[in-house]
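Structure at a glance
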There are 2 protein chains.
Amino acid sequence: MNSSNKRPLTLRDVSEASGVSEMTVSRVLRNKGDVSQATRERVQEAARTLGYVPNKIAGALASQRVNLVGVIIPSLKNMVFPEVLSGVSAALEGTELQPVVGVTDYSPEKEEKVLFEMLSWRPSGIIIAGLEHTEPARAMLERAGIPIVEIMDTDGDAVDANVGISHRRAGRLMGEAIHEAGYRKIGFLGTKMPLDHRARKRFEGLTRALAGHGIEIADQEFYSGGSALSKGREMTQAMLTRSPDLDFLYYSNDMIGAGGLLYLQEQGIDIPGRIGLAGFNGVELLDGLPLQLATMDACRAEIGEAAARIIADRNSGAVKEGGQRIELEPKLAYGDTLRRD
Amino acid sequence: MNSSNKRPLTLRDVSEASGVSEMTVSRVLRNKGDVSQATRERVQEAARTLGYVPNKIAGALASQRVNLVGVIIPSLKNMVFPEVLSGVSAALEGTELQPVVGVTDYSPEKEEKVLFEMLSWRPSGIIIAGLEHTEPARAMLERAGIPIVEIMDTDGDAVDANVGISHRRAGRLMGEAIHEAGYRKIGFLGTKMPLDHRARKRFEGLTRALAGHGIEIADQEFYSGGSALSKGREMTQAMLTRSPDLDFLYYSNDMIGAGGLLYLQEQGIDIPGRIGLAGFNGVELLDGLPLQLATMDACRAEIGEAAARIIADRNSGAVKEGGQRIELEPKLAYGDTLRRD
DNA sequence: TTGAAAGCGCTAACAT
DNA sequence: ATGTTAGCGCTTTCAA
């Protein structure tokens, strides 16, 4: 059925089929410049029946503009990042910009590679997770000559614009809430990722807040790999076996927190009376648990939206200067697993 | 610090800085052709100190090859698709191909748009979820002149290559297992998505298998939006209130199944004695639940890998012909929620 | 309102 | 081993 051409169609094909110059065809297809209704229709008809698909490679080279925004994130499995992406997509909706995703697997070297690849497509902007990058990566970002928005984290120096929350502050707030609720023997459960700077900063904030009240983290445990839910379960069991007198467990993410929650419920342990729990992120998933896990919202979609808006505004020329900073407020949700006093 | 050039560097800049012709610079940067070690080093040094980033737009136009594989999926929030993507990435690792993701939000119209956008970048191949597309989308796929792999589903006609499982068969297998286990009053809980063809096919397979034993679905309920876990909880409660004599609940995905499982456990209902449960997908998440939910593995990563391999093989010229078909075997996991007889 | 010419930054193909 | 020439398929700019 289909005319099995080997060669993809070009503007010239549409031009010939419609008897209109390539230039005018181009104008019609881009809705640019004045074209009479008559020719417009002839061109569109020809393009449609031929099945013409424009070549953006050529268009981008000629126009020197690529309407792509590179979004560089550590992972797609973490829930958090697809939500950030939703925010980006939502904000870019209605502009001519489109997001393109790159994944680093939490590796700085891979981040550097992915960034280099992205930049070689000459995108209109870059949104990149985190403030910590390799030296060459930072240099690339600085030299790129396009809007750069570092997201998620505001504790540190940004190359250009910055949107996120202070994870140190988030940890501190949680530490204060835990202390105020009367918990004193606190265990920490997290990921074995020295490069997860945001988790590290939360931990720092937490320990500092507790230290202010003369409390030290009583036990800690880290995991890597596997199902976060079951790891949360296992780690909780291990930790409570080792340190049965703990009265609070702080998890570096909601998923392991949920695992711990399910385990403790099975054991018939009183939450939040005998032991309190908190996670981090505020993932929607938690809504379906038997108890609402205390958590702190990381403002994922908002971050994506704000970051994309910065790029869109600068791209459209509406905003000239760079270096925007937006620090969002992490919101504490007590849920059912953190006493209020 | 950084030389704040407005204009991005070109090959010519590197050429001038190194005193080597553009062509030779190009060869060095691409590791193509014979270049003496001496010039190679001079060029690399120049490129590095200048901070040159190649322009792939220009390169792609000149070479008529774009090493991108478009991957078009309904959603990133569904867990399933990030896992498919991992498979794709894994298989493309080591080749020069790179995945680029497009998301359709389960809308055929958006799929058509995303596909058009992707094709206009002239990718080396397309991996697209599902066999159902709009007429124009199908036409584009047919005319594209590149390898196309439709994934996830094998029940229907593919444009070119096809990798997936038969969801009708998956539903049928589950129906048989349910019947063999002795369950007779079966409820179905799913998503309110007329366009989720795979869920529909599983449902068809299930009902057909049960019909073969003279059993009809006794009750059904559908949801849309919200947290799947809590929806599973709510729907389960609603359904059992309405139809208390059900002895089995089949959920169209694991997440709502997990919600139902948690709810029933809270109610102290005997699983799988009083009531049996099964979901679909085999998501890793389930490992951490109090009981292992019966499910059926949808072979997500394998599908991504196999699809990407087809594209890579054809792209490298190792394989000439198209139309490959790979039907994977959905594996039933009884878990703890489906009796064995 | 339409068309013609020039060139975006690179690489294939051909010299040398 | 290195250089030269001629485009890739569009869009920008200028002319008609």
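Residues numbered from 1 in each chain as written. Chains lettered and ligands numbered in written order. Predicted model: local features only at pLDDT ≥ 70, side-chain atom pairs only at ≥ 80, totals over all residues. Heavy atoms only, no water.

1. Quick word on the relation of the copies chain B and chain A
For the pair of chain copies, the relating transformation is a rotation about an axis with a translation along it. We count it as follows: Fitting of the copies onto one another was done by least squares over C-alpha atoms, counting residues only where both copies have pLDDT of at least 70. By definition, residues are in contact when any of their heavy atoms lie within 4.5 Å.
Screw-axis analysis of chain B against chain A gives a translation of 0.1 Å along the axis, an RMSD of 0.1 Å, and a rotation angle of 180°. Such a turn and shift between the copies fits a two-fold axis. Looking at the rotation axis and the C-alpha trace of chain B, the residue lying nearest is Ile57 of chain B, at 2.8 Å. Here 100% of the contact residues of chain B are again contact residues in chain A; the copies associate through an equivalent surface.

2. Thoughts on helix α10 (residues 228–242) of chain A
All names here are of chain A. Put simply, the rule is: Secondary structure is summarised from DSSP: a helix means a run of H or I of at least four residues, a strand means a run of E of at least two, and numbering begins at the N terminus for each. By definition here, a helix of n residues has an expected span of 1.5 Å times n minus one. The buried label applies to any residue whose accessible area, calculated with a 1.4 Å probe on protein chains only, is under 20% of its type's maximum; exposed applies above 50%, and partly exposed to all values in between.
For α10, which comprises 15 residues, the first-to-last C-alpha distance of 21 Å matches the rise-based estimate of 21 Å (1.5 Å per residue) to within 8%. Among the residues making up α10, those that are buried are Ala228, Leu229, Ser230, Gly232, Arg233, Met235, Thr236, Met239 and Leu240. Buried residues belonging to α10 abut β6 (186–191), β7 (219–223), β8 (248–251) and α11 (254–266).

3. Considerations on the domain arrangement of chain A
Cut-off, in case you're wondering: How far each domain reaches was decided by an automatic or database domain assignment.
Entries for chain A in the domain assignment read domain 1 (1–51), domain 2 (52–166 + 301–330) and domain 3 (167–298). A straight line from the C-alpha centre of domain 1 of chain A to that of domain 3 of chain A covers 61 Å.

4. With respect to unusual backbone geometry
Look at the link from Ile271 of chain A to Pro272 of chain A: it is a cis peptide, with omega at 5°. By the element assignment, Pro272 of chain A lies in the loop between α11 and β9 (276–278). Although it is not a glycine, Gln64 of chain B sits at a positive phi angle of roughly 60°. Within the fold, Gln64 of chain B resides in the loop between α4 (56–63) and β1 (68–73). According to the relative accessible area criterion, Gln64 of chain B is exposed, its value standing at 64%.

5. Quick word on the sheet that holds strand β3 (residues 125–129) of chain A
Residues and elements named next belong to chain A. Here is the rule we go by: Strands qualify as paired when DSSP identifies two bridges or more between them. Angular values range over 0 to 180 degrees, each being the angle between N-to-C directions of two axes fitted as lines to C-alpha atoms, with helices fitted over their stretch in contact.
The six strands are arranged β2-β1-β3-β4-β5-β11 in an open sheet whose pairing can be described as parallel. Of all strands in the sheet, those bounded by a partner on one side alone are β2 (98–103) and β11 (325–327). Each neighbouring strand pair of the sheet contributes to a mean axis angle of 15°, computed without reference to strand direction. The sheet contact formed by strand β1 (residues 68–73) and β3 spans four bridges and is parallel.

6. Quick look at the nonpolar core
So the rule is basically this: What we call a nonpolar core is a set of buried Ala, Val, Leu, Ile, Met, Phe, Trp, Tyr and Cys residues that are connected through their side-chain atoms within 4.5 Å.
In this structure, Ile127, Val149 and Ile151 of chain A together with Ile127, Val149, Ile151 and Leu338 of chain B are the most contacted members of the largest nonpolar core, which totals 99 residues. Ranked by size, the runner-up nonpolar core spans 52 residues in total, among them Leu285 of chain A together with Met235, Leu286 and Leu291 of chain B.

7. Brief notes about the protein's contact with DNA strand D
Heads up, the rule is: Here a residue is considered near a molecule or strand provided that any single heavy atom belonging to it is located within 4 Å of it. Whenever a nitrogen or oxygen atom comes within 3.5 Å of another N or O atom, the pair is scored as a polar contact, on the condition that within protein one atom can donate a hydrogen and the other can accept it, and that pairs from neighbouring residues in sequence are kept only if both atoms are in side chains.
Around DNA strand D, the surrounding shell holds 23 residues, and the nearest of these are Met23, Ser26 and Tyr52 of chain A together with Arg27 and Asp34 of chain B. Counting only the atoms of DNA strand D within 4 Å of the protein, the fraction contributed by sugar and phosphate is 65%. Leu11 of chain A is positioned with one of its backbone polar atoms (N or O) 3.0 Å from a phosphate oxygen of DNA strand D. Within the backbone of Ala58 of chain A, a nitrogen or oxygen atom sits 3.2 Å from a base nitrogen of DNA strand D. Examining the composition of the surface near DNA strand D, we find that four residues originate from one element, helix α4 (residues 56–63) of chain A, more than from any other.

8. Comments concerning the pattern of salt bridges
Residue and element names in this part refer to chain B. Going by this rule: Any Lys or Arg side-chain nitrogen located within 4 Å of an Asp or Glu carboxyl oxygen qualifies as a salt bridge.
Per the counting criterion, the structure on display carries 46 salt bridges over all chains. The salt bridge partner of Lys201 is Asp153, with a shortest N-O separation of 2.5 Å. Of this pair, Lys201 sits in helix α9 (residues 197–211) while Asp153 sits in strand β4 (residues 148–153), placing them 48 residues apart in sequence. The exposure classification of Lys201 matches that of Asp153, with both residues buried.

9. Details of the interface of chain B and chain A
A common way to express how large an interface is: the accessible area buried when the components associate. The condition is simple: Computed with a 1.4 Å rolling probe, the buried area is the accessible surface lost when two parts are put together, summed over both parts.
Listed as interface residues are 49 residues of chain B and, on the opposing side, 49 residues of chain A. When chain B packs against chain A, close to 4,600 Å² is buried across both sides, 64% of that on carbon and sulfur atoms. Seen at the junction of chain B and chain A, the total is two salt bridges. Between Glu117 of chain A and Lys56 of chain B there is a salt bridge whose closest N-O contact spans 2.6 Å. Counting the contacts that link chain B with chain A gives 16 residue pairs in polar contact (both at pLDDT 80 or more). When residues of the side of chain B that touches chain A are traced back to their parent elements, those giving at least two are α4, α5 (80–92), β2 (98–103), α6 (108–119), α7 (135–143), α10 (228–242) and α11 (254–266) of chain B. The biggest single contributor to the side of chain B that touches chain A is α4 of chain B, with five residues.

10. Some points on the protein's contact with DNA strand C
Rule in force here: When residue character is reported, Ala, Val, Leu, Ile, Met, Phe, Trp, Tyr, Cys and Pro are called nonpolar, Asp, Glu, Lys and Arg charged, and the others, Gly included, polar.
Near DNA strand C lie 23 residues; those nearest to it are Ser21 and Arg27 of chain A together with Leu11, Ser26 and Tyr52 of chain B. Protein-adjacent atoms of DNA strand C, using a 4 Å cutoff, are sugar or phosphate at a proportion of 67%. The side chain of Asp34 of chain A places a nitrogen or oxygen atom 3.1 Å from a phosphate oxygen of DNA strand C. In the model, a base oxygen of DNA strand C is placed 3.2 Å from a nitrogen or oxygen of the Ala62 of chain A main chain. Secondary structure elements with two or more residues in the surface near DNA strand C: α2 (22–30) and α4 of chain A together with α2 (22–30) and α4 of chain B. Per element, the largest residue contribution to the surface near DNA strand C is four residues, and it comes from α4 of chain B. A class-by-class count of the residues in the surface near DNA strand C yields 10 nonpolar, 10 polar and three charged.

11. Remarks on the packing of aromatic side chains
What counts is decided by this rule: In summary, the pairing rule links any two rings of Phe, Tyr or Trp, Trp by its six-membered ring, whose centres are within 6.5 Å, and it sorts them by plane angle into stacked for under 30 degrees, edge-to-face for over 60 and tilted for everything else. Only lysine NZ and arginine CZ atoms are considered, and such an atom sits over a ring when it is within 6 Å of the ring centre and within 35 degrees of the ring normal.
With the rule as written, the count across this model stands at eight aromatic pairs over all chains. Here Phe188 of chain A and Phe222 of chain A contribute two aromatic rings whose centre-to-centre distance is 6.0 Å and whose plane-to-plane angle is 50°, an arrangement assigned as tilted. On the criterion of sequence distance, the pair formed by Phe188 of chain A in strand β6 and Phe222 of chain A in strand β7 is long-range, its members being 34 residues apart. Residue classification places Phe188 of chain A among the buried positions, given a relative accessible area of 3%. With a centroid separation of 4.4 Å and an interplanar angle of 55°, the aromatic rings of Phe188 of chain B and Phe203 of chain B are classed as tilted. In this pair, Phe188 of chain B is assigned in strand β6 (residues 186–191) and Phe203 of chain B in helix α9, connecting sequence segments 15 residues apart. The aromatic ring of Phe280 of chain A is capped on one face by Arg202 of chain A, whose charged end is 3.8 Å from the ring centroid.

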